[in-house]
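Read off the chains here:
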Number of protein chains: 2
Amino acid sequence: MKTVTAFDPRSGAACGEFATSGVDDVREAARAAAQAFESTEFGDTLRRARFLDLIADRVRQRASEIIEICSRETGLPLQRLTVEVERTSRQLSMFAEMVRAGRHLDAVIDTADPDLTPVPRPDMRRMNVPIGPVAVFGASNMPLAFGVLGGDTASALAAGCPVVIKGHPAHPGTGRLLAVIAAECVAEAGLPAGVFSYCLAADFEVGAALAQAPEITAVGFTGSLGGGRALSDIAAARPVPIPVYAEMGSLNPVVITEAALRSRSTDIADTIIGNVTAASGQYCTKPGLLFVPAGTAGDALVQTVADRLRQAQPCPLLSEPVKVRLTAAMEQLASSGDGTPVGESTPPSDVGYFVSPAVYVVGDGPLDAMPSAIEEYFGPIVLIRRYDSTDAVLEDISRLAGQLTGTVYSDPGDDVSRIVTALCRRVGRMVFDSSPVSVVVTDAQQHGGPYPASTAAWSTSVGSQAIFRFLRPVVFQNAPQGLLPAALRDDNRRSVERHRNSR
Amino acid sequence: MKTVTAFDPRSGAACGEFATSGVDDVREAARAAAQAFESTEFGDTLRRARFLDLIADRVRQRASEIIEICSRETGLPLQRLTVEVERTSRQLSMFAEMVRAGRHLDAVIDTADPDLTPVPRPDMRRMNVPIGPVAVFGASNMPLAFGVLGGDTASALAAGCPVVIKGHPAHPGTGRLLAVIAAECVAEAGLPAGVFSYCLAADFEVGAALAQAPEITAVGFTGSLGGGRALSDIAAARPVPIPVYAEMGSLNPVVITEAALRSRSTDIADTIIGNVTAASGQYCTKPGLLFVPAGTAGDALVQTVADRLRQAQPCPLLSEPVKVRLTAAMEQLASSGDGTPVGESTPPSDVGYFVSPAVYVVGDGPLDAMPSAIEEYFGPIVLIRRYDSTDAVLEDISRLAGQLTGTVYSDPGDDVSRIVTALCRRVGRMVFDSSPVSVVVTDAQQHGGPYPASTAAWSTSVGSQAIFRFLRPVVFQNAPQGLLPAALRDDNRRSVERHRNSR
C-alpha cells in the first residue's frame with residue numbers, strides 16, 4: 001500500500017502518513033457515483049439542499065479542528081484559515097439556498113403559439129438537469145475553499161452531480177478530515193454512499209484514470225497550467241470527450257499611472273506588499289506583474305516595495321515541491337536576464353519551506369520574447385515592468401495571454417480607457433484602485449478568463465454561477481402535465497423561480 | 001486554382017463551377033476578422049443590430065433567387081426552402097432584437113456591501129463580452145438556416161464576434177449568393193470587411209487550417225460525427241485550445257406504446273412517414289429508431305409504414321457523397337444482420353441522387369452489440385426495434401449514446417415515467433405525442449444533447465440562447481462610472497435589461 005506523508009512547512013518535519021488510492025479505487029468510485037446519480041433521493045432538490053446545509057453546519061462546528069490540522073500541513077496562518085473555513089461553509093449554504101429556490105434550474109415556460117410563423121410554436125418548457133458524476137481535483141493553495149468540500153464540490157453536489165474528489169497530497173490530513181465529515185453527512189441525509197467519494201493520490205496516473213473513467217461527465221480543477229492542460233488533453237481525447245473546468249492562475253497584471261502614484265503612492269505600496277505576501281504569495285490572484293511608470297515617482301515605488309518586502313518575514317510555502325519549483329524558476333529568471341532582482345536576494349532558508357519575498361525588474365524588449373517575464377511565480381515574488389507611455393503599456397498587454405484579473409490604479413484625470421479595453425480582452429475580472437486578491441463569493445462574481453487563465457472562459461469557478469458548469473438544459477415539448485418534472489408543471493408546488501419569455 | 005462543381009441532385013448534371021479558397025485564404029480571413037473585432041464600429045451593439053436587420057431584409061428581398069439556386073443545388077423542395085429562407089431571415093431579426101435590448105449581456109449589478117462577512121463585498125458589475133473571431137462550418141442539410149447566414153453566423157455576429165464561414169461544397173452557388181449579400185450589408189453598414197469572410201473548400205485541410213488559425217476563438221459546426229469530432233480534436237490540441245460547438249445529429253429514438261397505437265395508429269403512421277421522407281430524411285431530428293411493441297398492433301404499424309414508404313416517391317439526396325455513404329451503410333446494415341429490410345428493397349436510381357425510402361427491423365440482442373443498428377442513417381431510412389416490455393425498452397435506452405431528441409407516444413393511462421426519465425438522461429429535447437423534426441427558433445428552445453449528439457451539451461445551436469456560445473462574462477470591480485462599459489453605468493442610457501441579485 002502506497003502512502004503519502006504530510007509535512008509541516010514551517011519545520012519540514014513529517015506530521016502524518018496517509019494511505020493512497022489506486023487506479024482501481026477511482027474507477028470503483030466513479031461507478032458508485034454513476035449509481036448514486038440514478039437515485040431518487042439524490043435527485044430530490046430539497047433533500048440535496050438539506051444535505052449541503054448539513055455539511056456547512058458540520059464544517060463550522062469542527063472549524064477549530066480543521067484549521068489546526070490544515071495550518072500544520074500548509075503553513076497558512078490561522079487567521080487566514082479561519083476566514084477560509086467560514087467561506088467554505090457559507091458557499092455550501094449559498095448553493096443550498098440557490099437549489100431550494102430552483103434558481104439553478106433556469107426554468108423557462110413558453111406556452112404554445114399556434115399563430116407563430118413560419119412554424120407554429122408548441123408548448124416548450126426548459127430547465128437544467130445535472131450532467132452526471134463529476135471529478136474534482138482539489139487545489140493546494142485553497143485547502144478548504146477549493147479543497148475536498150470547496151467550491152467545485154459544493155457546486156457539483158448542488159447541481160445534482162455526485163462527486164469523486166482527488167484530494168491534494170500536500171494536505172492529506174485536512175482532506176481526510178473533510179472527507180470523513182462529508183461521508184457522515186451523506187449517511188445522515190440518507191443518500192447513497194456514491195454521492196461523495198474521496199481519493200488521495202500523488203501519482204498523476206491515478207488522476208488520469210479518474211478523468212478517463214467512462215462514468216465521469218465533467219472535471220473541476222484548480223491548480224497549475226501543466227496539471228490543468230494535461231487533464232484537459234486527456235478529457236478531449238476520450239471516446240466521449242467531457243468538459244474540463246480548470247482554473248490555472250495567471251500573472252494578474254496591474255497598471256499604475258503616474259498621477260495615481262503622486263496622489264497615493266503609500267496606499268498603493270501597502271496594497272501591493274500585502275498582496276504579494278498574503279498566503280505567502282500563493283493566491284491565484286496575486287498581482288505578479290506591475291506596470292510602473294518610468295521616472296522618479298515610479299523609481300520611488302519600486303524602491304519602497306523592494307525595501308519593505310526585503311524587511312518582511314520569510315514566507316513558508318505550501319510544500320517542498322512548491323519551494324523547489326519557485327527557487328528554480330527564480331534562478332532561471334535572473335540567469336536569463338529577463339528579470340533583475342532589486343537589492344540583494346536572500347537565499348531560501350534551510351529550515352522548512354521558507355523563501356524571502358523578492359522584487360524583479362523585467363528587462364526591455366517585447367514581453368512575449370521573454371518567457372520568464374510572463375510566467376506565473378507561485379510565491380511572494382513580484383515582477384515590475386517600467387513603461388514610458390500608454391502605447392508601451394498597450395503593446396505589452398497585447399503580448400499577454402489570458403488572465404484571471406487585470407487591475408488599474410489611476411486618477412480621474414487619467415485617460416486609461418484604452419488600457420481598460422485592452423485588459424478586458426484578456427481577463428475575467430477588471431479591478432479598479434484596489435486589490436485583486438480577494439474573490440468574493442456572490443452572484444455577480446466571475447472567476448476565470450481566457451486560456452491559460454482557465455480552460456473555459458465562459459464559466460466561473462467562484463460564486464453562485466459556478467453551478468451552471470455541471471448542468472445542461474433539456475426542453476420538454478408538448479408534455480402532458482403528469483410527465484413533466486415538478487418544476488415545470490403548471491401548479492409549481494415548490495414555487496420554483498421561472499421565466500416566461502414568450503417570444 | 002481549384003474549383004468545386006455544383007450538381008443538380010435530381011439529374012446529377014453539373015450546374016455551376018466555383019473557385020475555392022486555400023489554406024492561405026482562410027488564415028488571411030482569420031487575421032482580417034481579428035482586426036474587425038477591435039473596431040469600435042462593430043463593438044457598437046446598436047450598429048450591429050441594424051446590420052443584422054439589414055441582412056434579414058436583404059435575404060427576404062432576394063428570397064426567390066436564393067430559393068431557386070438552392071433548390072437546384074440541393075434537390076430540396078421549393079416549399080421547404082421557402083420556410084427555411086423565412087426562418088433564416090427571422091432568426092437574424094431575433095438576434096438583432098435581443099442585442100438591441102441588451103439581453104445577450106446578462107448584465108448584473110451588485111453594489112458594495114461593506115457589512116458582508118467573512119469579506120466585505122465591493123461594487124461588482126458583470127456583463128458578457130464577445131469572445132473573438134468565430135469559424136463557422138455550414139451544414140449540408142440546412143443550406144439556409146444553418147448555412148452561410150444561418151444560426152451560427154447570426155448568433156456569432158450578434159454576439160460581436162466576426163465570422164469566417166466555410167460554406168458547404170454541396171451548394172456552392174447558394175453559399176456564394178448569401179456571401180455576396182452579407183458583404184454588401186457589411187459595406188452598407190460601414191463595418192470593416194473582416195466582420196464577415198466566406199471561404200469555400202472541399203478539402204478538410206482548409207477547414208482544419210481555419211480551426212487552427214490563432215485568431216479564431218471558437219468554432220460553430222453542423223454536420224457529421226466524423227467531421228465534428230475531427231474539428232473538436234484539432235481545437236483541443238491547439239496551443240490555445242478553443243471550444244467547438246458541433247451539432248452532429250442522432251438517432252432520435254421514438255417510443256410508441258401499445259395503447260397509443262390502439263387509439264391513434266393512423267396519426268402516428270402519418271407522422272412517421274412524413275418525418276422519414278421530409279427533406280429526403282436529411283433532418284438531424286429525423287426519427288431514425290422506433291420502439292414498437294411486439295404483437296399485432298405493432299405488426300400492423302410496421303407493415304403500414306413499410307407499405308406506404310415503398311409507395312412513396314424516391315427522394316433526391318443532397319449530393320453524390322451522401323448517396324454513396326447511405327447506400328454503403330444500408331448494405332452493411334443488411335449484410336451484418338443487424339437490420340432486415342421489410343419488403344423488397346428498391347435499388348437506388350441511376351438518374352441523379354435518388355434513393356427509395358426503406359424500413360429495417362433491428363435484430364435481437366443488446367443494441368450496443370449491433371453498431372449498424374445504432375448508427376444515424378442520413379436519408380429516408382427508419383429502423384424499428386420491437387419490444388415486449390418496458391424493461392426491454394429501458395435496457396435498450398441505457399445502451400444508447402447522447403441524442404438530440406427523444407419522443408414518446410403514449411396514452412394517459414400508460415406509465416411511461418421511467419422511459420421519460422431514461423430518455424431525458426440522453427437527450428436535449430423530449431417530445432410528446434408529436435413530431436420531433438421541426439425545431440422552432442425561440443427562447444425556450446434547446447437543440448443539442450450529450451455527446452455524440454453535440455460536443456457541448458450545455459449549449460444550444462438553435463434559438464436565442466445560441467448567442468451565449470460566443471460570449472464570456474467579465475466582472476468590473478469598484479469601477480469608476482467613466483471606466484465602465486455603457487451597459488453597466490448607473491445612468492443606463494440605452495435601457496439595457498439588467499439584474500440586481502444582491503446576495
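Source: prediction; values computed, not measured. (Residues numbered from 1 in each chain as written. Chains lettered and ligands numbered in written order. Predicted model: local features only at pLDDT ≥ 70, side-chain atom pairs only at ≥ 80, totals over all residues. Heavy atoms only, no water.)

If you trace the backbone, B:Arg425 turns up in the loop between α14 (417–424) and β18 (427–432). Judged by relative accessible area, which is 29%, B:Arg425 ranks as partly exposed. Separated by 28 residues in sequence, B:Arg425 and B:Ile397 place their C-alpha atoms 9.6 Å apart. If we skip the residues at most four places from it in the chain, B:Arg425 touches A:Phe37, A:Glu38, A:Arg472 and B:Pro450. (Helix = DSSP H or I, 4+ residues; strand = E, 2+ residues; numbered from the N terminus. Buried < 20%, exposed > 50% of the residue type's maximum accessible area, 1.4 Å probe, protein only. Contact = heavy atoms within 4.5 Å.)

With that out of the way, let us pick up the pattern of salt bridges. In total, this model carries 60 salt bridges over all chains according to the counting rule given. Where A:Glu38 meets B:Arg425, a salt bridge forms, and the shortest distance between an N and an O atom there is 3.3 Å. Here B:Arg425 lies in the loop between α14 and β18 and A:Glu38 lies in the loop between α1 (23–37) and α2 (40–43), a pairing that spans two chains. Where A:Arg121 meets A:Asp110, a salt bridge forms, and the shortest distance between an N and an O atom there is 3.9 Å. Within this pair, whereas A:Arg121 is found in the loop between β3 (107–110) and β4 (124–130), its partner A:Asp110 is found in strand β3, the two being separated by eleven residues in sequence. Look at A:Arg121 and you get buried, because its relative accessible area is 6%. (Salt bridge = Lys/Arg side-chain N within 4 Å of Asp/Glu carboxyl O.)

It is common to give the size of an interface as the accessible area lost on bringing the parts into contact. With 68 residues of chain B in contact, the opposing surface of chain A contributes 68 residues. Across the chain B/chain A interface, buried area totals approximately 5,800 Å², and carbon plus sulfur atoms make up 58% of it. At the level of secondary structure, the elements contributing two or more residues to the side of chain B that touches chain A comprise α5 (78–101), β3 (107–110), β4 (124–130), α9 (225–237), α14, β18 and β19 (471–477) of chain B. Top element by residues in the side of chain B that touches chain A is β19(B). It accounts for seven residues. For the side of chain B that touches chain A, the class distribution of residues is 36 nonpolar, 14 polar and 18 charged. Of the strand pairs in this sheet, strand β19 (residues 471–477) of chain A and β18(B) are connected by three bridges, and their pairing is parallel. Bridge pairing in β18(B) places A:Gln477 opposite B:Val431. (Buried area = accessible area lost by both parts, 1.4 Å probe. Nonpolar A, V, L, I, M, F, W, Y, C, P; charged D, E, K, R; others polar. Pairing = 2+ DSSP bridges.)

Attention now moves to the relation of the copies chain B and chain A. Mapping chain B onto chain A calls for a rotation angle of 180 degrees and an axial translation of 0.0 Å; the resulting RMSD is 0.0 Å. Both copies are brought into coincidence by an operation consistent with a two-fold rotation axis. Nearest to the rotation axis, the C-alpha of B:Ala236 is located 3.2 Å from it, this being the minimum over chain B. An overlap of 100% is found between the interface residues of chain B and their copies at the interface of chain A, pointing to a shared contact surface. (Least-squares fit on C-alpha atoms with pLDDT ≥ 70 in both.)

So, on to the pairing of strand β8 (residues 218–222) of chain A. Residue and element names in this part refer to chain A. Most of β8 is tucked away: five of the five residues are buried. Residues Ala218, Gly220 and Thr222 of β8 are buried on one face, and the alternating residues Val219 and Phe221, pointing to the opposite face, are buried as well. Pairing of β8 with strand β9 (residues 244–247), which is carried by four bridges, proceeds in the parallel orientation. The partner of Gly220 across the bridge, within β9, is Tyr245. Handedness of the crossover joining β8 and β9 through helix α9 (residues 225–237) is recorded here as right-handed. (Right-handed = clockwise from strand over helix to strand, strands pointing away.)

Attention now goes to α1(A). Taking 1.5 Å of rise per residue, 15 residues should cover 21 Å, and α1(A) covers 21 Å from first to last C-alpha, within 8% of that figure. Buried residues in α1(A) make contact with α2, β4, β6 (163–167), β7 (196–200) and α8 (204–212) of chain A. (Expected span 1.5 Å × (residues − 1).)

All names here are of chain B. Here Asp8 lies in the loop between β1 (3–7) and β2 (14–19). We note that Asp8 is buried and unpaired, the nearest opposite charge coming from Arg10 at a distance of 4.4 Å. Filtering out sequence-adjacent residues up to four positions away, Asp8 remains in contact with Ala13, Cys15, Arg72 and Tyr353. (Lys, Arg positive; Asp, Glu negative; His and termini not counted.)

It is worth spelling out the sheet that holds β9(A) at this point. Residue and element names in this part refer to chain A. Strand order in the open sheet formed by five strands is β7-β6-β5-β8-β9, with parallel pairing between adjacent strands. Strands at the two margins of the open sheet, each flanked by one partner only, are β7 and β9. Shown here is a sheet whose adjacent strand axes are inclined to one another by a mean of 15 degrees, direction ignored. Strand direction decides the pairing type here: β6 and β7, joined by five bridges, are parallel. Looking across to β7, one finds that Ile165 is bridged to Tyr198. Sheet strands in contact with helix α6 (residues 151–159) are β5 (134–137), β6, β7 and β8, and its direction is about 170 degrees off that of β6. (Axes fitted to C-alpha atoms, helices over the stretch in contact; angles between N-to-C directions.)

Turning next to the domain arrangement of chain A. All names here are of chain A. The assigned domain composition of chain A is domain 1 (20–248 + 457–498) and domain 2 (254–432). With centres defined by C-alpha atoms, the gap from domain 1 to domain 2 works out at 34 Å. Counting residues at the interface gives eleven residues for domain 1, matched by eleven residues for domain 2. Between domain 1 and domain 2, a total of about 830 Å² is buried, with carbon and sulfur atoms accounting for 58% of that surface. Broken down residue by residue, the surface that domain 1 buries against domain 2 is led by Arg80, Asn141 and Glu247, which jointly contribute 44%. On inspection of domain 1 and its partner domain 2, the count reaches zero salt bridges. Where domain 1 packs against domain 2, one counts two residue pairs in polar contact (both at pLDDT 80 or more). Of the residues that constitute the side of domain 1 that touches domain 2, the class distribution is four nonpolar, four polar and three charged. (Domains from an automatic or database assignment. Polar contact = N/O pair within 3.5 Å; in protein donor to acceptor, adjacent residues only side chain to side chain.)

Before going further, it helps to spend a moment on the pairing of β3(B). Two faces belong to every sheet, and in a regular strand the side chains alternate between them. Residues and elements named next belong to chain B. The side-chain alternation of β3 yields two buried faces, one formed by Ala107 and Ile109 and the other by Val108 and Asp110. Sheet analysis places β3 next to strand β20 (residues 498–499), joined by two bridges and oriented parallel. Residue pairing across strands places Ala107 opposite Arg498, the latter belonging to β20. Direction of pairing for β3 relative to β4: antiparallel, over a ladder of three bridges. In the strand pairing of β4, Val108 is matched with Arg126.

Residues and elements named next belong to chain A. Contact pair helix α5 (residues 78–101) / α6: the axes reach a minimum separation of 9 Å and the direction vectors enclose 20 degrees. When the axis of α5 is compared with that of α6, the two are roughly parallel. Where α5 crosses over α6, the two elements pack in a sense that is right-handed. On the side of α5, the interface is formed by Gln91, Leu92, Phe95 and Val99, while α6 contributes Gly151, Ala154, Ser155 and Ala158. A per-class count over the contact of α5 with α6 returns five nonpolar, three polar and no charged. (Parallel < 35°, antiparallel > 145°, perpendicular 65-115°, else oblique. Left-handed = near helix turned anticlockwise from the far one by under 90°.)

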